[in-house]
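# Residue-level structural notes
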Amino acid sequence: MLSVIYSFQKLIVKILTNLAFILIALSLNVAVSAASEVETDFLAQLQGNWSGTGRILAGPDKGTNFKCSLSGKPSRTGVKISMDGKCSIGQFSARMGASIKYSEGVQKYVGRFMGGANGNGLDIYGDRNGDALKLRLTRGRTQGNMDLLLQRQDLMRVIISITDTERNRDIPVIAMDLNKSRSAAGLDH
């Protein structure tokens, strides 16, 4: 009789343990889905047509102004956005492009600027805090940051810094303000 009770107890413990694991897994999936939904909502704010001016803050071209026009297009799933367009100084212009997505697996933003480090660009990864993205830019030994702040629904400030590894500090090299076109910002009636 004791062996039957002991076997029954082992079965109950096994069922409760499995049930606990299932409940934990379900709660993690709900938390990840909720986080993903919040991040998708944030990325949706970046869609639309953005244009504005910037300034080179360091180096031989310090003080030079430039203009940029970018278009933010979300993926079908909404967890990724591509920003493509061009920036120009006077008559010279260059194509710009980046894509970022929220990765549920690492709970970070990841992406590529100008094709990523395997191409001619940089890899991107980082975090969001409220209306700001703090993104790390990497390509081999070259390191930097891109800070993106949505100041309003229709105004984005971007600051790009290069990391001085010898002095362990970031040096801002580019600052720009981009305005979302009125129709893309939902301001037209």
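To keep things clear, this report deals only with the structure shown in the data block. Because the structure is predicted, anything quoted here is derived from the model rather than measured. Along every chain, residues carry numbers that run from 1 in the direction the sequence is written. A pLDDT threshold of at least 70 governs which residues receive local features in this predicted model, and a stricter bar of 80 or more applies before side-chain atom pairs are shown or counted, although totals over entire chains, interfaces and linings include all residues. Hydrogen atoms and water are omitted, and side-chain values are computed over all heavy atoms in the structure.

### What about the overall build of the chain?
Along the chain, the regular secondary structure elements total one helix and 10 strands. Put simply, DSSP marks the helices as runs of H or I at least four residues long and the strands as runs of E at least two long, and each gets a number from the N terminus on. Listed by position from the N terminus, the elements making up the chain come as α-β-β-β-β-β-β-β-β-β-β. Taken across its 189 residues, the chain has 30% of its residues classed as buried. In what follows, residue pairs with any heavy atoms lying within 4.5 Å of each other are defined as contacts. Taking the intrachain contacts of the chain between residues at least 6 apart in sequence as the baseline, contacts between residues at least 24 apart amount to 32%. For the accessible areas, the method is Shrake-Rupley and the probe is 1.4 Å, while residue cover comes only from the protein chains on display. Accessible surface, the chain as shown: approximately 12400 Å² in total, 56% of it carbon and sulfur. Each residue gets one of three labels from its accessible area relative to the maximum for its type: buried under 20%, exposed over 50%, partly exposed in between, using a 1.4 Å probe on protein chains only.

### Comments concerning the state of the cysteines
Throughout, disulfides are identified as pairs of cysteine sulfur atoms within 2.5 Å of each other. For the structure on display, the rule yields one disulfide. At a sulfur-sulfur separation of 1.9 Å, the disulfide partner of cysteine 68 is cysteine 87. Residues cysteine 68 and cysteine 87 share a disulfide whose torsion about the S-S bond is about 110 degrees; that sign makes it right-handed. Within this pair, whereas cysteine 68 is found in strand E2 (residues 65-74), its partner cysteine 87 is found in strand E3 (residues 80-89), the two being separated by 19 residues in sequence.

### As for the nonpolar core
Grouped together as the largest cluster of nonpolar side chains are 28 residues, with contacts concentrated most on Leu46, Ile100, Tyr109, Leu133, Met156 and Val158. Aside from chain neighbours lying at most four places away, what touches isoleucine 100 is Leu43, Val79, Lys80, Ile81, Tyr109, Val110, Gly111, Ile124 and Leu133. Remark: nonpolar core denotes a set of buried residues (Ala, Val, Leu, Ile, Met, Phe, Trp, Tyr, Cys) joined through side-chain atoms within 4.5 Å.

### Details of the packing of aromatic side chains
Two aromatic rings from Phe, Tyr or Trp, using only the six-membered ring of Trp, form a pair when their centres are within 6.5 Å; if the ring planes differ by under 30 degrees the pair is stacked, by over 60 it is edge-to-face, and anything between is tilted. Scanning the entire structure with this criterion turns up two aromatic pairs. With a centroid separation of 6.4 Å and 70 degrees between ring planes, the pair formed by phenylalanine 42 and tyrosine 109 is classed as edge-to-face. In this pair, phenylalanine 42 is assigned in helix H1 (residues 2-44) and tyrosine 109 in strand E5 (residues 108-113), connecting sequence segments 67 residues apart. The two residues phenylalanine 42 and tyrosine 109 agree in class, both being buried.

### Looking at the sheet that holds strand E4 (residues 92-103)
Two strands are counted as paired when DSSP detects at least two bridges linking them. Spatial strand order, E1-E2-E3-E4-E5-E6-E7-E8-E9-E10: 10 strands in a closed barrel with antiparallel pairing. Pairs of neighbouring strands in the sheet enclose a mean axial angle of 25 degrees, with direction left out of account. As paired strands, strand E1 (residues 48-56) and strand E10 (residues 169-180) are joined by seven bridges and run antiparallel to one another. Bridge pairing links glycine 54 to methionine 176 in E10. Axis lines are fitted to C-alpha atoms, over the contacting stretch for helices. Their N-to-C directions set the angle, which ranges from 0 to 180 degrees.

### Let's talk about the side chain of threonine 163
The topology assignment puts threonine 163 in strand E9 (residues 155-164). Leaving out residues up to four positions away in the same chain, threonine 163 has contacts with Arg136, Gln143, Gly144, Arg169 and Asp170.

### Remarks on unusual backbone geometry
Phi at glutamine 107 is positive, roughly 50 degrees, even though this residue is not glycine. Looking at the element boundaries, glutamine 107 is found in the loop between E4 and E5. The class of glutamine 107 is partly exposed, set by a relative accessible area of 45%.

### Here we look at the environment of leucine 46
With respect to the helices and strands, the residue leucine 46 is situated in the loop between H1 and E1. Taking the relative accessible area as the measure of exposure, leucine 46 reaches 2% and is therefore buried. Taking C-alpha positions, leucine 46 is 7.7 Å from isoleucine 81, a pair spaced 35 residues apart along the chain. Setting aside chain neighbours within four positions, we find leucine 46 in contact with Gly72, Ile81, Met83, Leu148, Leu150 and Met156.

### Focus: the pairing of E1
Side-chain positions along a regular strand alternate between the two faces of the sheet. Pairing of E1 with E2, which is carried by eight bridges, proceeds in the antiparallel orientation. Note on E2: the bridge partner recorded for arginine 55 is asparagine 65.

### Points about the environment of aspartate 147
Its place among the elements puts aspartate 147 in strand E8 (residues 142-152). Taking relative accessible area as the criterion, aspartate 147 reaches 26% and is therefore assigned partly exposed.

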